[in-house]
Structure formats: structure tokens, C-alpha cells
Amino acid sequence: MSTSPIQDISIVEATRTGFLQLFNYIQGKNKYGEKIEMTGPVITEVSPSDGPFCESSFTVSFYVPKENQANPPPAEGLHVQRWKQTYAAVRQFSGFVTDSNVGEEAAALEASLAGTTWATAIQKSHDADATSVYTVAQYNSPFEFDHRVNEIWMLFDNLT
């Protein structure tokens with residue numbers, strides 16, 4: 001289940017806004033009034049702006065549990081996003097996601113891929129469908145302070 005794109009200068013604020021919409025959804029604020037089990041990770045697709053003080057676009061999502069996938073309850077302001085087969089280059093990092101460390105981690109992943117077939121595949125996928133530049137996956141509750149796991153994903157369709 002996904003939010004509509006959220007325009008903001010902060011991934012932290014945009015993720016908080018999107019997560020609250022999704023949390024209300026799983027708490028029963030959907031067309032069926034059905035409570036739905038929380039899944040992880042919380043995923044934020046990032047389409048950065050052109051400048052340092054411009055709003056970027058963020059879409060916040062999480063997976064619907066298997067028992068709800070065939071017919072997920074609709075909800076105002078949310079939509080079902082079905083993924084085709086997708087590959088990802090991934091960089092894992094710890095701690096809380098911040099506005100500064102996400103950009104640094106995404107740049108480090110991109111630098112680690114430079115000159116590889118993976119970088120070429122990612123660029124081809126982005127040229128064909130420029131919906132997001134990278135995705136942030138957060139696996140922990142905001143109330144967990146130790147052993148936090150986050151990832152930066154750069155998605156692509158295939159290596160050809």
C-alpha cells in the first residue's frame with residue numbers, strides 16, 4: 001500500500017507523514033474497517049529535487065500481508081502499488097534515518113557501483129522510468145534504539 005507523492009524538503013518529515021497515513025490504514029481506517037497486520041520494512045521512494053532547498057517527492061509504502069494481497073481494503077489517499085520482478089543494489093546502514101545520512105548513504109552506494117554492469121542497468125531502468133532515484137527501507141520501530149537496520153535500494157529491471 002502506498003501514499004500519494006509527498007512534497008517535502010525532509011525525508012524524515014515526509015516518511016513520518018506517510019507512515020501516519022499507512023498506520024491509520026492498518027488500524028482500520030479503510031473502506032472495510034478492517035485492521036491489518038503491520039509489515040516491514042517501511043519503504044520511502046525518493047525522487048530528489050534539483051536544488052538543495054527545493055522540495056523532493058517521497059512515496060511511502062509497506063507490504064500488505066499475504067492474506068490481504070488479493071483484495072486489499074481501499075482507503076482514501078492510498079493506492080495499491082504492485083511491483084513487477086525487480087532487482088536491487090543494496091547498501092545497509094545502522095542508526096536512525098536522517099536527512100543528511102540518507103544522501104550520504106545513497107551517494108556511497110552509487111560510488112560503489114560506478115563502472116559496473118549494475119550501474120549501467122540502474123541507469124537504463126531510470127532512463128526508461130524515472131519514478132525514483134533511490135529507495136530507503138527502514139526495518140525497525142521508531143522506539144527501537146539499538147541494532148537498527150536500514151537500507152538504500154537502487155532498483156533496476158535486469159542486466160541486459
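Further up the page is the structure itself.
I will try to describe carefully the structure that is included in this document. Computed from a predicted structure; not experimentally measured.

What about the overall build of the protein chain?
Looking only at helices and strands, the protein chain features three helices and eight strands. Counting helices and strands in the order they occur from the N terminus, the protein chain gives β-β-α-β-β-β-β-α-α-β-β. Over its C-alpha atoms the protein chain spans a radius of gyration of 16 Å, differing by no more than 12% from the 15 Å that the globule rule assigns to 160 residues. Each principal axis of the C-alpha atoms in the protein chain carries an extent, and together these give about 50 × 35 × 30 Å. Residues counted as buried form 41% of the 160 residues belonging to the protein chain. Taking as baseline every contact in the protein chain between residues at least 6 positions apart, the subset at least 24 positions apart corresponds to 68%. Counting every atom, the protein chain has about 9,400 Å² of accessible surface; 53% of that belongs to carbon and sulfur. A gap of 8 Å separates the mean positions of the 10 positive and 19 negative side-chain charges of the protein chain.

Quick word on the pairing of strand β7 (residues 134-138)
Most of β7 is tucked away, with five of its five residues classed as buried. Of the two faces of β7, the one lined by Y134, V136 and Q138 and the one lined by T135 and A137 are each fully buried. Of the pairings in the sheet, the one linking strand β3 (residues 42-47) to β7 comprises five bridges and is antiparallel in character. Note that in β7 the partner of T44 across the bridge is V136. Judged from the four bridges that link them, β7 and strand β8 (residues 150-156) form a sheet pairing that is antiparallel.

Side note on the nonpolar core
In terms of nonpolar packing, the biggest core is built from 30 residues, with I11, Y25, V102, Y134, V136, I152 and M154 touching the most fellow members. For this core, the secondary-structure elements that each account for two or more residues are α1 (11-26), β3, β4 (56-61), β6 (87-93), α2 (99-113), α3 (117-128), β7 and β8. When residues no more than four places from it in sequence are discounted, the contact partners of V136 are I11, V42, I43, T44, V46, V97, V102, E151 and I152.

A look at the side chain of N68
Along the chain, the position of N68 falls in the loop between β4 and β5 (78-79). Judged by relative accessible area, N68 falls into the buried class, the value being 8%. Not counting residues up to four positions away in its chain, the partners in contact with N68 are E34 and I36.

Comments concerning the packing of aromatic side chains
Ring pairs (aromatic) are described by centroid distance and by the angle formed between their planes. A complete count under the given rule lists six aromatic pairs for this structure. Here the aromatic residues Y63, W83 and W153 are joined through ring pairs into a cluster of three or more.

Rules and cut-offs
- In this convention, every chain numbers its residues from 1, walking through the sequence in written order.
- Reporting in this predicted model follows two pLDDT cut-offs: at least 70 for local features of residues, and 80 or more for side-chain atom pairs to be given and counted; totals over whole chains, interfaces and linings ignore these cut-offs and use all residues.
- For the side-chain quantities, the full set of heavy atoms in the structure was used; hydrogens and water were omitted.
- Strands are runs of DSSP state E lasting at least two residues, helices are runs of H or I lasting at least four, and both sets are numbered from the N terminus onward.
- Put simply, the radius of gyration uses C-alpha atoms, and a globule should come to 2.2 Å times the residue count raised to 0.38.
- The classification of residues rests on relative accessible area computed with a 1.4 Å probe and restricted to protein chains. Under 20% of the type maximum is buried, over 50% is exposed, and intermediate values are partly exposed.
- Any pair of residues with heavy atoms lying within 4.5 Å of one another is described as a contacting pair.
- Here the Shrake-Rupley method, with its probe set to 1.4 Å, supplies the accessible areas, and only the displayed protein chains count as covering residues.
- Counting rule for charge: Lys and Arg are taken as positive, Asp and Glu as negative, and neither His nor the chain ends is counted.
- To locate a charge, take NZ of a lysine, CZ of an arginine, CG of an aspartate or CD of a glutamate.
- For two strands to pair, DSSP has to find at least two bridges joining them.
- Throughout this description, the term nonpolar core refers to a set of buried Ala, Val, Leu, Ile, Met, Phe, Trp, Tyr and Cys residues connected via side-chain atoms within 4.5 Å.
- Stacked, edge-to-face and tilted are the three classes for Phe, Tyr and Trp ring pairs, Trp counted by its six-membered ring, which pair at centre distances within 6.5 Å; planes under 30 degrees apart are stacked, over 60 edge-to-face, the rest tilted.

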